[in-house]
Amino acid sequence: MNCFHDFLAGWIGGASSVIVGHPLDTVKTRLQAGKGYKSTLHCVIQIYRKETVAGFFKGLSFPLASITVYNSVVFGFFSNTQRVISKARYGDERHPCSMLDLTLASMLTGLMSVSLGAPVDLVKIRLQLQTLPMLAENLKLAGTNGSNNIAVRSVILQGQPTYRGPIHCISSILQTEGIQGLYRGAGAMVLRDVPGYTLYFLPYTLFRRWLSPDGNSSHPCSIWLAGGLAGSISWVTATPADVVKSRLQADALQLKKYKGILHCIVQSYKTEGIHVFFRGASVNAVRGFPMSATMFLGYELSLQFFRSL
């Protein structure tokens, strides 16, 4: 039953974190993959002026349905991997893991997460980027002759979104790009999530210990603060890889600006400089705290409740 409890608690924590963090996630995605935003504040104002509050929750239904399952699998996998490691190394699955054990479990979790997270992230980003200025700018970047410019103007006049919803988005990607299209940016996601989850679970464990010198690490305040700090650290350090991932996933088949991870890095650096890889870092830091604090608090409290039954 402990295995099932981990997955269920992860689902509850994931649902709460998605609702809390999605508005800032939309801002982060627009900053990293979009054009025409001078700063985080400018991006927030532009979204609100052109799309109202609803613009910040664009694409929420899909991550709410999918990322909750994703977080359930991630936390369930991480907890059960710790048990397997403890059983293999110490002969008892309840034996506390060392920092090395936690590092290995975190890295394996990050690697596993890409198989589920890449398609989810791809659809979320494509839906979040459905704005006229964004679409027009991308087509201008792809244009090399007058016919392309005409296409840009026709898109602006029509004002029709590319995707009608998550299901239509998935089917369109499969039709135009194939199954590999759903995993566009997966390589960059591996570079982001393997170290990212290591710098997520390890700081969380350490902060909980430091914040609970009396040994009461299950106090909601210590869980909330440790989770928030771990989330900020993880997301800020993962920003460069996240920028590359977002750009690759936002790159539609007909535009095809980037040939791969290295080409995306080189082109982004040439056109926008080194600072482009830290675009959205401040949003990640601010967004990472409440999302992760809510995630860990929901997970730990749910786990405590299930174990008390």
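Residues numbered from 1 in each chain as written. Predicted model: local features only at pLDDT ≥ 70, side-chain atom pairs only at ≥ 80, totals over all residues. Heavy atoms only, no water.

Participant: What exactly am I supposed to notice about unusual backbone geometry here?
Facilitator: For residues that are not glycine, phi is negative in most cases, and the peptide bond is trans in most cases. Even without being a glycine, Thr-52 presents a positive backbone phi close to 60 degrees. Secondary-structure assignment places Thr-52 in the loop between α2 (40-51) and α3 (61-90). For Thr-52, a relative accessible area of 46% translates into the label partly exposed. (Helix = DSSP H or I, 4+ residues; strand = E, 2+ residues; numbered from the N terminus. Buried < 20%, exposed > 50% of the residue type's maximum accessible area, 1.4 Å probe, protein only.)

Participant: Any chance you could explain α3 here in plain terms?
Facilitator: Side chains that are three or four residues apart share a direction in an α-helix, a result of its 3.6 residues per turn. Taking 1.5 Å per residue as the helical rise, α3 with its 30 residues ought to reach 44 Å, and the 43 Å between its terminal C-alpha atoms agrees with that figure. Helix geometry: α3 is bent most strongly at Ile-67, by close to 25 degrees. (Expected span 1.5 Å × (residues − 1). Bend = angle between axes of the 7 residues up to and from the residue.)

Participant: Got a minute to help me understand the pattern of salt bridges in this structure?
Facilitator: Between side chains of opposite charge, a pair can form as their charged atoms come close. Throughout the structure, instances matching the rule amount to 19 salt bridges. Across the pair Arg-89 and Asp-101 runs a salt bridge, and its minimum N-O distance is 2.5 Å. Residue Arg-89 is found in helix α3, and its partner Asp-101 is found in helix α4 (residues 99-128); the two are separated by 12 residues along the sequence. Since its relative accessible area comes to 2%, Asp-101 is described here as buried. Where salt bridges share partners, they join Asp-25, Lys-28, Asp-121, Lys-124, Arg-192, Asp-193, Asp-242, Lys-245 and Arg-287 into one cluster. (Salt bridge = Lys/Arg side-chain N within 4 Å of Asp/Glu carboxyl O.)

Participant: Help me out: how do you make sense of the confidence of the model for the chain in this one?
Facilitator: Low-confidence regions, as indicated by low pLDDT, have predicted coordinates that should not be scrutinised in detail. Per-residue pLDDT for the chain has a mean of 84; in total, 86% of the residues score no lower than 70. Confidence over residues 132-159 falls short of pLDDT 50; this stretch has 24 contacts with residues more than four positions distant or in other chains. (pLDDT = per-residue confidence, 0-100. Contact = heavy atoms within 4.5 Å.)

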